[in-house]
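Fold and geometry: a report
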Amino acid sequence: MDTLAKHCVEVIDSHTGGEPTRVVIAGGPDLGDGAMAERLALLRGRHDWLRSAIINEPRGSDVLVGALLCEPANPKNTGGVIFFNNIGYLGMCGHGTIGLAVTLAFLDRLDVGAHRLETPPGEISLTLHDGNRVTVGNVPSYRHRRRQSLRTPEFGEVCGDIAWGGNWFFLVSDHGQRLAYDNVGKLSEYAGVIRRELDRQGIRGPDGEPIDHIELFGPPSAGSGADSRNFVLCPGGAYDRSPCGTGTSAKVACLIEDGELAPGQVWRQESIAGSIFEVRADLRDGRIVPEITGTAYITGRSTLWLDSTDPFCYGISASGVKR
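Residues numbered from 1 in each chain as written. Predicted model: local features only at pLDDT ≥ 70, side-chain atom pairs only at ≥ 80, totals over all residues. Heavy atoms only, no water.

1. What about the pairing of strand β3 (residues 65–70)?
- When you tally the buried positions in β3, you get six out of six residues, the bulk of the element.
- Going residue by residue along β3, you find Val65, Ala67 and Leu69 tucked away on one face and Gly66, Leu68 and Cys70 tucked away on the opposite face as well.
- Where strand β2 (residues 19–26) meets β3, four bridges bridge the pair, whose relative direction is parallel. Residue pairing for β3: Val23 is matched across the bridge by Ala67. (Buried < 20%, exposed > 50% of the residue type's maximum accessible area, 1.4 Å probe, protein only. Helix = DSSP H or I, 4+ residues; strand = E, 2+ residues; numbered from the N terminus. Pairing = 2+ DSSP bridges.)

This is the structure in structure tokens:
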């Protein structure tokens with residue numbers, strides 16, 4: 001950021017089921033007009049100042065997910081988006097896409113109805129039902145490994161499925177942990193050990209991708225009407241306040257492959273905070289394609305001021321990042 005002494009970034013904040021999204025609507029770098037995967041590589045390689053400045057403290061926090069709104073490569077599509085968090089970049093983000101749709105509706109840039117959105121893993125669909133409720137047609141989801149065994153020094157053997165829902169997940173149902181909001185500290189510790197051991201033992205996705213999301217499942221809370229409750233530890237160390245759209249997509253893919261959920265049947269996933277996503281999946285050309293429905297609400301609109309003379313201009317954990 002050494003070419004400009006001062007710079008403004010316009011953002012709109014929202015939350016989806018309790019999980020915040022910060023959409024950059026102006027002030028981001030010029031990433032050209034290529035595919036979103038190409039623009040992601042450019043953002044990561046040359047303009048990481050944007051991510052670190054708006055997500056890290058003192059402007060942001062570990063729980064915040066950012067979304068850079070881009071012009072679409074295909075003019076028939078509504079737009080493009082790149083998601084990121086406190087440590088890096090995400091392939092897809094279900095709650096963030098719902099938040100983005102509600103943000104665009106707030107700006108009068110999105111009408112009720114069906115739309116197409118470009119993301120680094122590929123195009124997805126979204127349907128705006130009203131000013132707050134959105135259905136996201138996710139990328140095809142699948143299980144890579146069933147009941148992968150993992151030895152941990154702290155908790156012994158843990159078994160889980162490795163599955164893709166737009167990000168990589170290790171899904172654990174038989175964990176013996178209490179899934180409650182007042183227990184998030186211990187749940188974070190438990191999930192953190194699993195992620196550490198997956199990485200240390202070299203257990204990865206089919207192309208060597210790190211399994212960076214850990215998802216624990218258990219019974220729903222009484223009266224919620226949900227099928228399950230989850231706890232999701234995200235790559236940056238924060239837990240997901242929402243039911244996690246990509247994680248629930250991964251779960252639904254496993255359930256369908258096991259014959260425990262029929263294609264088209266709705267799965268109601270409750271988050272650790274009590275919010276709910278409804279997810280159903282169809283089979284298209286032999287692939288499982290989930291749809292995630294949830295609600296988001298606008299929480300603020302801000303102008304972020306980046307002053308290069310500020311020693312923490314680009315975030316406390318990344319103050320040395322340069323444009």
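2. Things to note about unusual backbone geometry
- In this chain, Glu57 is followed by Pro58 through a cis amide linkage whose omega measures 15 degrees.
- Residue placement: Pro58 occurs in the loop between α2 (48–55) and β3.
- Residue Arg147 is not a glycine yet carries a positive backbone phi of 50 degrees.
- Secondary-structure assignment places Arg147 in strand β9 (residues 142–152).
- In this structure, Cys244 is a non-glycine residue whose phi angle is positive, near 70 degrees.
- Assignment of secondary structure puts Cys244 in the loop between β13 (228–233) and α5 (245–257).
- For Cys244, a relative accessible area of 4% translates into the label buried.

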